[in-house]
Every structure is written in structure tokens, then in C-alpha cells.
Amino acid sequence: MSNPESIGVFYREMIFQGVDMTSDTYVTWESIVCPPDSRRVNGAKVDALKEEFDKAMPSTSTKSAGDGVALLAAPRKTTHRSSAEENAAIHERRERSLLDFRANIGFMCELAETLDLGGFTDSVQRESARAHEGERVLVILNPPPKLGQIPWEMLPLDVEKARAFLNNYKDSEDLADAEKPRVLLDIADVVTMAPLLRRDSDPSIPHPIWAPGAGMYLVEPWDTGKGDRAVLRPVDRRAWQEHISSLGNQAVAPPREQRYLADRIWLSEALRASAGAVGGAESAAASITRLLYIGHIKGSGDTSALLLNDHADIFGLTEVEPNGFRWLSAMDLIKGTTTWREKKYDRINRESASKTGRRYPHGERLPMGLCATIDEYGEETVPAVAGWDLWPMPPRVGLIACHSGSEAASVEPFGLAAGCLEAGAELVFATRWTMYTDSAFQVLDPSNSTHPFNELATKVDEFLQSETPIEDMSEWKRRKLENWRRDPTDVANAPITWAGLTVYRAPDRAVLVFHRRCNVRCV
């Protein structure tokens, strides 16, 4: 039994884990009352599932949709505008499991059958039946990386009934009145297990404690001079600016006079001021207890990085793009300036070896007022400061961008979500896959005026402020699922957006040791 970051909500926890080996994949599940159970699955079958699901996820194309708004919340790689080929790729996904109702049931049945998960869903249902008033079932996912992007909450509770539904309604166009198969989300809340962190084994690092406070807002905090990297539609961008202004001193954001632009130096000053660090910005009017980023994220694992208004003059571990931007990476959040000298000489050597004359700017500007000095050996150096000291994160973080929670699909569970957790967060709301922006939904359904991507960002902003964030996220997903069940043709309620959201949860996992003589528990 646990009370995970929620007031008045008690959970019966079920842990589901998996690992990919050379030729097989293993999955296991257990709870306090459910003995450990496991399955071994042929790796080729798991690969086939992954390949099928990959076809359902939003296209990896990063071309612009025109009018200054991208189709994906991912960086552009070309200067071309939206093409017929790209639009065709979007429409092709209408027949896949994240947009098509029957395809979704069929794929999730195939997943359950291939992995032989009847025992798992039965165990969750037993936990749900045992739950008393005020208790909920919490499924904690640590899936095998090959299947790390799958929305497990859509797993059918009864595969036989789900298959019967598909057979009975295979030729029916109207599913509005049909009884739909129940899924895991109907009876359980689902979160993603955070990777092990420093504080889990080091009692000197305090566990973060959330309390209502100010929020930091980073809403498209960059300026390309063109607007071709925008992920929000202009009307939604203006609404966010008005919302931030209405919060007064309960919102910390880049100044309006600076067009809401933020680089990593401003971010460091504001976060350190809130954390009480000496020398931080004096402009933080209230303690920051949440951070919301809406923008672009690229890469996965240790190469995952988000876009701020950083240029070649600012030091960072990623290289400067041809357009002059340097992205803030997960490794920056960990290493900070600790590898400054090594990185400098690596860049000098790469410039010397380059046959094209490419430059590798090192960046002279550093957070926290750090600057280069000459050490006793006559070498240039800067103080070694870890990333979590430069950018101490608040207890809750939301990363609304493409594949911001890449950890679950990585063999080594590290990325921006893990970087934020290591830097002080307890909950990180992140996305499992590339997100379609609202311009892409206009391609899917020109008659639909809803903005699912902006709705996702708005809801995460609410979850970050809630006393019951996990419960609220799950209830929102259930409402979206019910809306989709009522009208399976409505792409705005299809799981291609809302099921892509997960929350990485890092509760207090310090080991408690009971001392019999003194009758106390110690960390």
C-alpha cells in the first residue's frame, strides 16, 4: 500500500517489468498479495510487435506544415514545406492502432496473446476487486525497451471478449451503441517507473517534497527569426501568454520585454534563486514547485535535448547546429561543467581534423557566473559544477514535446526525464512518442476545430498543480477513452495524443533499516 504524491489517495501497487535479451524477451509482474509471475517470449515475435506499432506512431518526418507551424513537435531537418507525400503519411496512420478503433483492439489483443498476459490482467482485476473505498490500483511499468512506447493501459482485460467484439462488428460502420471491450485503464492508474537515482542510495540527498507554489513556464522559448519551429498555433500561443500574465507572481517566465525567450543561463539563475542558491536571480518572486516546457525535443537517451534560445556563445555538451542553436541535453543536466576541459580539447582536435573546415564553437558564456581561469599548470579551466546544481529542478516537471520520455524505450534508461528526476524532480510528465501538433490534426480532419496538442499541454499544467496528479491524469485519459468509444471516428479523442502521455514516478525509495535495540528505523 502506498500514498504516491497524492493526498487522500491510497494505492494497491502492481509492478510490471520486462527485459530484452539476445534471443528472448522476459516479462514479470507482482504485488504484495500477488506472487511473482513471468513469461518468456521469442524475441522475433516481440520484434514483429514493435515493427507493427512503429507504423502506428506519428511520422518521423519533421517538415513544416507551412504558415509557421510544424506538423510534429520535433525539429525541422529540411527547408521544404508540407508535401503531398507527408500528408499521405499522416492519413495512412488513420488505419493504424493509434487512430483506428478496431486496429487498436486488434493490436492490443495481439500483444496480450503474444506475451501471454492473461495472468497479468487477471492479477490486476483481483487487486481491483480487493480495493476498499479510497483505494485504487496503481500499475507501475518498467516495460522491455522494445515495447517501451506501447500504451499498456489499453491492454484488454479479456482478450476473448475483445476478439468476439471484433468479429461481431467487423462489418458495422456504427459502433456508437456497441459494448466496447474493457481495458486496463478502466480499473487501474498507470505510471512509468523512474530509473534508479542518486538519492535512492545516498541519504544525504533529500527527497523532493511538493507543495503548492509558483510555476515556471517555458513556452516556445526560442527565436529563429522565422517562426518555422512553432509547435503551437498563434491563437494558443497568445492564450498561454495571457495565462502566464494572469498568474502574477505565481508564474516565473522569461520577461515579456524579451519576448519570452530563455537560454540556459536565465534558466539556471531562476531555478537556483528558487532553490535558495547564492548568487541566483532576484526576480523569482515565489518558490518554484513545477516547471512546464512546451516546445521541441530531439534525440533519445543521453542524446535527448530540448530547444532553448541558446547559441554558439553559450557552453554546452551538444554541438551547435548549422542554424546557430545549441540544445540543452540530458547530459548537460548531469555533467554541467565537470567535463569543460575535456570537451574543449575534443573540439579543438575535431576542428583540426576536419577536412571541410567545420568549426566546433566551445562557448564562453557559462551559468552561475562561472568563467575560465588559468590553473597552476598554466591550463585554462573552469570550476566543475554538476548539472543538478546548475539547474535544480522543482518537484514536478512537464515536458510537452516529441518523445520527451525516451527512457522506457532505451536499453539504458536515461534521457531528459531521468535528467530532471536526478536534478530534483519527483514526477515528470513526458511523452512516449513523437507528437502531432494541431496543424497535423487539421490535415487529418480539416473540419475538426479542436486542438489536441494544446489540450495535452493545458492538462499537464493542471496535473502539475494538483494534489492528486496521477489520479487526475488517469481520469482525464478515461474521459478521452470514453469519448473515443462513443465516436471512434473522432481523431481529437483518439489515443494518438493522450495515450502518448505518461508520468515517470520516483517516490522515496530510501532503504529503511529497523534497529531492534533502539526500536527505531534509520535510513
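Since the structure is predicted, the reported quantities are computational estimates derived from the model, not experimental observations. (Residues numbered from 1 in each chain as written. Predicted model: local features only at pLDDT ≥ 70, side-chain atom pairs only at ≥ 80, totals over all residues. Heavy atoms only, no water.)

J.: Can you help me understand unusual backbone geometry in this one?
T.: A negative phi angle characterises most non-glycine residues, just as the trans form characterises most peptide bonds. Positioned with a positive phi, Asp116 is a non-glycine residue whose angle comes to about 55°. Inspection of the secondary structure puts Asp116 in the loop between helix H3 (101–114) and helix H4 (118–130). Positive phi values are uncommon outside glycine, yet Met368 reaches one of about 65°. Along the chain, Met368 turns up in the loop between helix H10 (340–353) and strand E12 (373–374). (Helix = DSSP H or I, 4+ residues; strand = E, 2+ residues; numbered from the N terminus.)

J.: Whenever I open this one, the nonpolar core confuses me. Can you help?
T.: In a soluble, globular protein the nonpolar side chains are often hidden away together inside. Ranked by internal contacts, the top residues of the largest apolar core, which has 89 residues, are Phe120 and Ile294. Looking at this core element by element, the count peaks at 7 residues for H3. In this view, Ile294 contacts Leu218, Val219, Glu220, Pro221, Trp222, Val231, Leu232, Trp240, Ile400, Phe453 and Ala457; residues no more than four positions away in its chain are not counted. (Core = buried A, V, L, I, M, F, W, Y, C linked by side-chain atoms within 4.5 Å. Buried < 20%, exposed > 50% of the residue type's maximum accessible area, 1.4 Å probe, protein only. Contact = heavy atoms within 4.5 Å.)

J.: It is not clear to me how the packing of aromatic side chains should be interpreted in this structure. Could you clarify?
T.: Aromatic ring pairs are reported here in terms of the distance separating the ring centres and the angle at which the planes meet. For the structure on display, the rule yields 13 aromatic pairs. Between Phe16 and Trp152, the aromatic rings sit 5.0 Å apart at their centres with planes inclined by 45°, giving tilted as the arrangement. On the criterion of sequence distance, the pair formed by Phe16 in strand E1 (residues 10–20) and Trp152 in the loop between strand E4 (135–142) and helix H5 (159–168) is long-range, its members being 136 residues apart. Among the aromatic residues, those joined into a cluster by ring pairs are Phe16, Trp29, Phe120 and Trp152. One Lys or Arg, Arg198, reaches over the ring of Trp388 and ends 3.6 Å from the middle of that ring. The ring centre of Trp210 lies 3.7 Å from the NZ or CZ of Arg396, which sits over that ring. (Phe/Tyr/Trp six-rings, centres within 6.5 Å; stacked < 30°, edge-to-face > 60°. Lys NZ or Arg CZ within 6 Å of the ring centre and 35° of its normal.)

J.: Please explain helix H14 (residues 452–465) as it appears in this structure.
T.: For H14, with 14 residues, the first-to-last C-alpha span of 20 Å sits near the 20 Å given by 1.5 Å per residue. Most of H14 is tucked away: 10 of the 14 residues are buried. Of all the positions in H14, only Pro452, Phe453, Asn454, Leu456, Ala457, Lys459, Val460, Asp461, Phe463 and Leu464 are classed as buried. (Expected span 1.5 Å × (residues − 1).)

J.: Where do I start with the side chain of Thr431 in this structure?
T.: Mapped onto the fold, Thr431 is located in strand E15 (residues 427–431). Within the local environment of Thr431, its side chain forms a polar contact with the backbone nitrogen of His403, the two atoms lying 3.0 Å apart. In this structure, Thr431 is in contact with Leu399, Ala401, Cys402, His403, Ser404, Gly405, Leu456 and Gly500, ignoring residues within four places of it in sequence. (Polar contact = N/O pair within 3.5 Å; in protein donor to acceptor, adjacent residues only side chain to side chain.)

J.: Any chance you could explain the sheet that holds strand E9 (residues 297–298) here in plain terms?
T.: The strands that make up a sheet pair up through hydrogen bonds in the backbone, lying either parallel or antiparallel. Reading across from one edge, E9-E10-E11 is the order of the 3 strands in this open sheet, with antiparallel pairing throughout. Of all the strands in the sheet, just E9 and strand E11 (328–329) have a single pairing partner and so form its edges. Sheet topology places E9 next to strand E10 (residues 305–306); 2 bridges connect them, and they run antiparallel. Paired with Ile297 across the strands is Leu306, a residue of E10. (Pairing = 2+ DSSP bridges.)

J.: What is the right way to look at the sheet that holds strand E6 (residues 214–219) in this model?
T.: As summarised here, the arrangement of the 11 strands in space is E3-E2-E1-E4-E5-E16-E15-E14-E8-E6-E7, forming an open sheet in which the pairing is mixed. The strands lining the two open edges of the sheet, one partner per strand, are strand E3 (37–42) and strand E7 (251–252). Bridging between strand E5 (residues 188–193) and strand E16 (residues 501–505) involves 2 bridges; their strand directions are parallel. Residue pairing across strands places Thr192 opposite Tyr504, the latter belonging to E16. Contacting E1, strand E2 (24–31), E3, E4 and E5, H4 crosses the sheet at an angle of about 170° to E1. (Axes fitted to C-alpha atoms, helices over the stretch in contact; angles between N-to-C directions.)

J.: Honestly, helix H7 (residues 234–246) in this entry has me stumped. Any pointers?
T.: Residues that lie three or four places apart on an α-helix share one face, since the helix turns once every 3.6 residues. With 13 residues, H7 should cover 18 Å at 1.5 Å per step; its first-to-last C-alpha distance of 18 Å lies within 8% of that length. Among the residues of H7, Asp236, Trp240 and Ile244 are the ones counted as buried. Buried residues of H7, seen end-on, are gathered within an arc of 80° and therefore sit on one face of the element. Within H7, the exposed residues directed more than 90 degrees away from the buried face are Glu242 and Ser246. One or two positions beyond H7, positive phi appears at Gly248, with a value near 60°. (Arc of directions from axis to C-beta.)

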